[in-house]
Protein chains: 2
Amino acid sequence: MARNKQYHQFLRQCGLKVTSTRLLVLDVLMSTRTALSHSDILDKTRGSRLDKVTLYRTLNTFITHGIAHKVASEDRNWLYALHPIDRNNTVRDDHAHFICDQCERIYCLPVQTRNSMPAPESEEGFVIRTHEYRLHGICPQCH
Amino acid sequence: MARNKQYHQFLRQCGLKVTSTRLLVLDVLMSTRTALSHSDILDKTRGSRLDKVTLYRTLNTFITHGIAHKVASEDRNWLYALHPIDRNNTVRDDHAHFICDQCERIYCLPVQTRNSMPAPESEEGFVIRTHEYRLHGICPQCH
DNA sequence: GATTTTATTGCAACTTTGTTGCATTTTAGG
DNA sequence: CCTAAAATGCAACAAAGTTGCAATAAAATC
Ligand SMILES: [Mn+2]
Ligand SMILES: [Mn+2]
Ligand SMILES: [Zn+2]
Ligand SMILES: [Zn+2]
């Protein structure tokens with residue numbers, strides 16, 4: 001409940017009205033290391049009669065306001081996560097998505113940026129603007 | 001129709017029965033540069049009364065037999081493509097997916113392998129086995 | 001070439017994920 | 001406290017994909 005004040009301030013900074021739904025969803029997303037699906041979040045908020053449509057809209061609002069982003073899971077639905085934050089509290093938009101082949105959880109991991117971006121091989125006319133690294137393997141939980 | 005003989009041989013090599021559906025889908029996938037969705041393929045085969053379930057099953061068969069692979073599109077559904085083939089006719093499983101931000105087409109592009117894989121930064125316990133590069137930008141068609 | 005075996009196909013019904021329209025409620029600011 | 005604007009809940013809908021089952025087509029054996 002001390003958190004709530006911080007979340008409140010944070011939402012207002014983002015130009016959003018503060019609602020109980022937004023505080024709730026923000027808290028769920030804050031308290032996980034892995035990206036969560038819409039139904040994961042619904043499960044974690046059982047008892048708070050949060051409507052599924054409202055949750056979809058809340059997540060989209062978070063995305064359009066730069067609070068969260070979504071990642072496609074291996075079984076074709078969206079997982080949502082807050083933007084990873086650096087040691088110096090700045091948002092890292094250059095990060096990788098680690099997909100555990102065993103538990104299927106997806107983690108947003110900071111990666112070493114010294115690696116150069118893979119360039120298309122002898123292909124002309126492809127102009128790269130952004131990129132996403134998806135890493136597959138085994139996560140610490142499943143090791 | 002000269003192609004059909006090649007496809008026929010190819011399917012048998014893969015341990016699959018030769019059916020008109022498989023020949024048809026193989027031909028569609030052969031004759032495109034970009035990954036296609038289930039409904040793209042249905043559209044391109046209109047007139048051949050190919051059932052949607054049969055198409056899903058055919059695509060999955062191609063995947064489990066190493067003929068094709070699927071890529072998640074930006075709007076959360078699967079696009080299917082044959083494995084890209086090298087100059088020396090060997091399958092490249094190390095390639096990038098180029099997503100055009102304008103036309104939303106996805107291309108499988110060979111990439112220079114000299115770039116090292118991005119390693120997780122100071123994170124322990126993540127064992128990377130494979131990876132996928134997703135590159136966003138503008139494709140030659142939309143340039 | 002006909003027969004048998006086995007895999008593939010088509011259809012209907014269903015599930016899961018996500019969207020739209022609209023009436024009601026909540027928020028923020030004066 | 002009052003008001004305008006935004007957020008919410010509900011019902012109905014749409015798209016993507018799956019399951020079970022009976023009918024059909026491929027290929028192996030004779
Ligand atoms: Mn991420
Ligand atoms: Mn590919
Ligand atoms: Zn795991
Ligand atoms: Zn394009």
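Please refer to the structure higher up on the page.
Every value quoted in this text rests on a predicted model; they were computed, and no experiment measured them.

1. Some points on the protein's contact with DNA strand D
Working step 1: The immediate surroundings of DNA strand D are formed by 20 residues, with Thr 19, Arg 22 and Arg 57 of chain A together with Val 18 and Lys 52 of chain B found nearest.
Working step 2: Sugar and phosphate atoms constitute 61% of the interface atoms of DNA strand D, taking the interface as everything within 4 Å of the protein.
Working step 3: Contact between DNA strand D and Tyr 56 of chain B: a phosphate oxygen at 3.3 Å from a side-chain N or O atom of the residue.
Working step 4: Of all the secondary structure elements, the ones that give two or more residues to the surface near DNA strand D are helix H2 (20-30) and helix H4 (52-64) of chain A together with helix H4 (52-64) of chain B.
Working step 5: A breakdown of the residues in the surface near DNA strand D according to their chemical character gives 5 nonpolar, 5 polar and 10 charged.

2. Observations concerning unusual backbone geometry
Working step 1: Positioned with a positive phi, Glu 104 of chain A is a non-glycine residue whose angle comes to about 70°.
Working step 2: Tracing the backbone through its elements, the reader meets Glu 104 of chain A in the loop between strand E4 (95-100) and strand E5 (106-110).

3. Regarding the pattern of salt bridges
Residue and element names in this part refer to chain A.
Working step 1: Summed over all chains, the structure comprises 6 salt bridges over all chains.
Working step 2: Glu 74 serves as the salt-bridge partner of Arg 134, at 2.9 Å between the closest nitrogen and oxygen. Of the two residues, Arg 134 sits in strand E6 (residues 127-138) while Glu 74 sits in the loop between strand E2 (68-72) and strand E3 (78-82), which places them 60 residues apart along the sequence.
Working step 3: Exposure remark for Glu 74: the relative accessible area of 32% places this residue in the partly exposed category.
Working step 4: A salt bridge links Glu 132 to Arg 134; the shortest N-O distance between them is 3.3 Å. Comparing Glu 132 with Arg 134, the two get one shared label, buried.

4. A short note on the coordination of the zinc ion (ligand 3)
The reference angle at a metal is 109.5 degrees if four donors form a tetrahedron and 90 or 180 degrees if six donors form an octahedron.
All names here are of chain A.
Working step 1: At 2.2 to 2.4 Å from the zinc ion (ligand 3) lie its protein donor atoms, namely Cys 100 (SG), Cys 103 (SG), Cys 139 (SG) and Cys 142 (SG).
Working step 2: Taken together, the 4 donor atoms coordinating the zinc ion (ligand 3) and their angles of 106 to 115° define a geometry best described as tetrahedral.
Working step 3: Sequence spacing of the donors to the zinc ion (ligand 3): C-x2-C-x35-C-x2-C. One end of the pair, Cys 100, is in strand E4; the other, Cys 142, is in the segment after E6, with 42 residues separating them in the sequence.
Working step 4: A residue is classified by how much of its surface remains accessible, and Cys 100, at 1% relative accessible area, is buried.
Working step 5: With relative accessibility at 22%, the residue Cys 142 sits in the partly exposed group.

5. Observations regarding the coordination of the manganese ion (ligand 1)
Residue and element names in this part refer to chain A.
Working step 1: For the manganese ion (ligand 1), every protein donor is listed as His 69 (NE2), His 95 (NE2), His 97 (NE2) and Cys 108 (SG), and the spread of their distances is 2.0 to 2.4 Å.
Working step 2: In the primary structure, the donors to the manganese ion (ligand 1) are separated according to the pattern H-x25-H-x1-H-x10-C. Here Cys 108 lies in strand E5 and His 97 lies in strand E4, a separation of 11 residues in the sequence.

6. Considering the protein's contact with DNA strand C
Working step 1: DNA strand C sits among 20 residues. The nearest are Lys 52 of chain A together with Thr 19, Arg 22, Thr 54 and Arg 57 of chain B.
Working step 2: For DNA strand C, the backbone makes up 64% of the atoms found within 4 Å of the protein, where backbone means sugar plus phosphate.
Working step 3: A distance of 2.6 Å separates a phosphate oxygen of DNA strand C from a polar atom in the side chain of Arg 22 of chain B.
Working step 4: Between DNA strand C and Asp 51 of chain B, the relevant distance is 3.4 Å, taken from a phosphate oxygen to a main-chain nitrogen or oxygen of the residue.
Working step 5: At the level of secondary structure, the elements contributing two or more residues to the surface near DNA strand C comprise H4 of chain A together with helix H2 (20-30) and H4 of chain B.

Cut-offs applied
In this numbering scheme, every chain counts its residues from 1 along its sequence in written order. Both sets of labels track the order of writing: A upward for chains, 1 upward for ligands. It should be noted that, the model being predicted, local features are given only for residues of pLDDT at least 70 and side-chain atom pairs only at 80 or more, the latter also being counted only at that level, while totals for whole chains, interfaces and linings use all residues. Heavy atoms throughout the structure, all of them, feed into the side-chain values; hydrogens and water do not. A single heavy atom is enough: if one lies within 4 Å of a molecule or strand, its residue is considered near that molecule or strand. Side-chain atoms alone can form a polar contact between residues adjacent in sequence; in general such a contact is a pair of N or O atoms within 3.5 Å, and within protein one must be able to donate a hydrogen while the other accepts it. The helix count covers DSSP runs of H or I at least four residues long, the strand count covers runs of E at least two residues long, and both are numbered beginning at the N terminus. In this count, Pro and Cys sit with the nonpolar residues alongside Ala, Val, Leu, Ile, Met, Phe, Trp and Tyr, while Asp, Glu, Lys and Arg are called charged and the others, Gly among them, polar. Each reported salt bridge corresponds to a side-chain nitrogen of Lys or Arg within 4 Å of a carboxyl oxygen of Asp or Glu. Each residue gets one of three labels from its accessible area relative to the maximum for its type: buried under 20%, exposed over 50%, partly exposed in between, using a 1.4 Å probe on protein chains only. The donor definition counts N, O and S atoms within 2.8 Å of each metal and applies 3.2 Å to Na, K and Ca; water is not among these atoms, so some sites may look incomplete. Each label reflects the angles at the metal, where four donors whose angles all fall between 85 and 135 degrees are tetrahedral, four or six donors whose opposite pairs open beyond 155 degrees and whose other angles stay between 65 and 115 are square planar or octahedral respectively, and the rest are irregular.

Nothing here speaks to function; it is geometry throughout.
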